[in-house]
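Here is how the chains run, residue by residue.
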Amino acid sequence: MISAPTPPPIDDLSFQDIVNRVKSQIAIYCPEWTDHNVSDPGVTLIELFASMAEMLLYRVNRLPEQAYRAFLDLIGARLEPARPATADVTFYLAAGATSDIAIGEDTEVATVRTESSAPIVFSTTAPLTIRPANLLDAYCAAGGSWIDARLYGQGDIKQTEPDAKSAADTSSTAAKGFSVFARANETPQRGNALYLRLGADHSMHVLALKAVCERAGGGGALLGRPPWVWEVSAADGASWTKCVVERDDTGGFNREGANELILRLPAMGLQAVPGDPKSQPASFWLRCRLSDEQGKETEPGVLFGYNRSPRVTALALRSIGGTVPAQQAQVVWSEQLGISDGTPYQSFRLRNAPLLARDPAREHLVVTSPDGIEKAWQEVAHFADSRPEDTHYTLDHTGTVRFGPLLAQPKGKYLAFGATPPKGNKLKFARYRYGGGVIGNVPERSLVIRKVARPEIARVINWEGAIGGRDAQTIEDARLRAPAYLSTRTRAVTQEDFVDLAARIEGVRRAACLAADRPGTVNVVVLPEPAQDLPTGPFDPKLELGSDDPLIERVRGALAERALLGVRVEVRPPQYVRVKVSAEVSCDPSYTAEQRALINQAALAALYRFLHPYTGGPSGAGWPFGRRLSDGMIKHVLNGVPGVELAEQVLIWQVNAKGKPAAPGLIVDLPPDGVICSDMHDVQIL
């Protein structure tokens, strides 16, 4: 038999504790009382008081959970609900899309059921439309000029036709295709690219690019490691965002015959490309650009990358899937709760828990009168401000729906805090989501089950692990945290107050309060809580907080409520100062090329970790706001990498928003609200 859990004690004073504490006060309040023996009548009264107090404390410690929640509400502390884990899931089609294929919001996927555990279900949080791929044009940009590749195709390979006007090759070679990254007989240079103009927005799509190539057409490049990066035109219309190369059967355009390259695209946007021969104002672009590894000297006298450009005779593009965000939650529609009996403070229970945060626009209680008229009621945190006519209710994470009470007032009157559904009205909940907890932090490639089968969808998978799942806060945890909560700040007066209050707002990772630029103004800078694992490479622009982000307004509103009268609170994101580091380090000459490559990777990882708004700085808690960067800091980090004997030379470039570096130097000064983030670093092992 399982015994009931022991309730957490609110006050753990025993009979003897109370007696001793009262006796300790005798010398303060009654110094003339010197006889403290048990036979003294005064001591008898103290023991009587202690006995009665002990009985009261016993009853208080037996209070139910609901009463303890009420005590927490009195001090402004509320139990935090469960948080659902989030992950991106990718749906793959059984065949290439020939028409739009829609995958709706709330589509459920799950882990595999085992003998010991039930499946963990995730639901998509946005709709996804997979559009057919439409390759309009393909162009090669080499040496600052564009070369018309004369390639078109949708789904099937279409061979290139000779073009007398082509600037790429002579007429004798044009029929055989074109050089992808450079003109014939020219060495490809870093930055050379193949541009593919798409006929539609393929944000978050999975595309299959089929190419007919020559065998070993691109001399010098390794089949499994071509020095390229695939990118799409970004939504800001000025930059490029990196794609994920899921599979490359072309070997870097080096395998003979028709082979496929599978790409997972990020969000993309319209962009005008300088030198576009079509001179169109803006298009959706997919490009393959030679990275900084092209032409890099890996060993003395040995260059990595293409020493001649690969050749392609035909291209085709098709959509084979799409990626959409999902969270660990199950959706319930139109759940019937029961029929109201018309009494105040009545409660109903939803079938599933724990509940997740609700969207008031579509996740609410619906009360239906006997004549069929439906009315949506409003969820509130409490009934303190509810009037008798307000159609309010409360709902906690356990799924308990409760209506307002009717409380006695002076002179025999009663006051209703919120309306009560009339007797006979039916109650239902339009929509709610339940789930959450650490159980949702599933590993990569575990969400592979489709809850609803569709013939056009072949499979589903999450390529990265789910993150962010957290269990609901327990009463015991709240009891331990209550003293700390009471000692925290509730008013924003000093700089420390503003930083402490801002950092406690959900969605904020770090905060700083800067010197005011004008009297009566407080400037607060916040860094958001990342919704994904922090990458070990260059800083992801998606982590940057924009000035119009809803988090900015939420922090401003929360701080304004606690600031002194007349103080204006300004909240803004930090200035992200992007830097690029070039360093030369020495190691033991006896190390092999493979060992040197491992040292190089470790050195780069150390730089990306150190020069980061979230993981950087001397403490590893994020780059300090406004702290300058010097070459001495970089050398200290590199000298700590295993295998590095000495960091001999370090140069630092500050990179602007367009990706162009300034003149190199040894020091980078930051504004007071600035934080360092990494661009592409370069470490040479001597």
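Everything here concerns the structure above.
Owing to the predicted nature of the structure, the values given are computational and were not obtained by experimental measurement.

Okay, the pairing of strand β19 (residues 311–327) next. A large share of β19 lies buried, amounting to 15 of its 17 residues. Here strand β1 (residues 86–93) runs beside β19; their pairing, made up of 7 bridges, is antiparallel. Within β19, the residue paired with D88 across the bridge is P325. Summarising the sheet, strand β4 (residues 121–124) and β19 pair through 2 bridges and their orientation is antiparallel.

Using the criterion set out here, one finds 26 salt bridges in the structure. Between R264 and E246 there is a salt bridge; the shortest N-O distance is 3.0 Å. With R264 in strand β15 (residues 257–264) and E246 in strand β14 (residues 244–248), the pair connects residues that are 18 residues apart, well separated along the chain. According to the relative accessible area criterion, E246 is partly exposed, its value standing at 23%. Ionic pairing is found between R572 and D673, a salt bridge with its closest N-O pair at 3.1 Å. You can see R572 sitting in strand β34 (residues 568–572) and its partner D673 sitting in the loop between β38 (667–668) and β39 (674–678), a full 101 residues away along the chain. R572 gets classed as partly exposed once you look at its relative accessible area, which sits at 30%. Classification of D673 as buried rests on a relative accessible area of 5%. Residues participating in the shared-partner salt-bridge network are D106, E363, R431 and R433.

On to helix α7 (residues 495–503). Within α7, burial applies to D497, F498, L501 and A502. Angular distribution of buried residues about the axis of α7 spans 120°; they occupy a single face of the element. Elements in contact with the buried residues of α7: β32 (508–514), β33 (521–528), α8 (550–562) and β34.

Criteria and thresholds
- Residues numbered from 1 in each chain as written.
- Predicted model: local features only at pLDDT ≥ 70, side-chain atom pairs only at ≥ 80, totals over all residues.
- Heavy atoms only, no water.
- Buried < 20%, exposed > 50% of the residue type's maximum accessible area, 1.4 Å probe, protein only.
- Helix = DSSP H or I, 4+ residues; strand = E, 2+ residues; numbered from the N terminus.
- Pairing = 2+ DSSP bridges.
- Salt bridge = Lys/Arg side-chain N within 4 Å of Asp/Glu carboxyl O.
- Arc of directions from axis to C-beta.
- Contact = heavy atoms within 4.5 Å.

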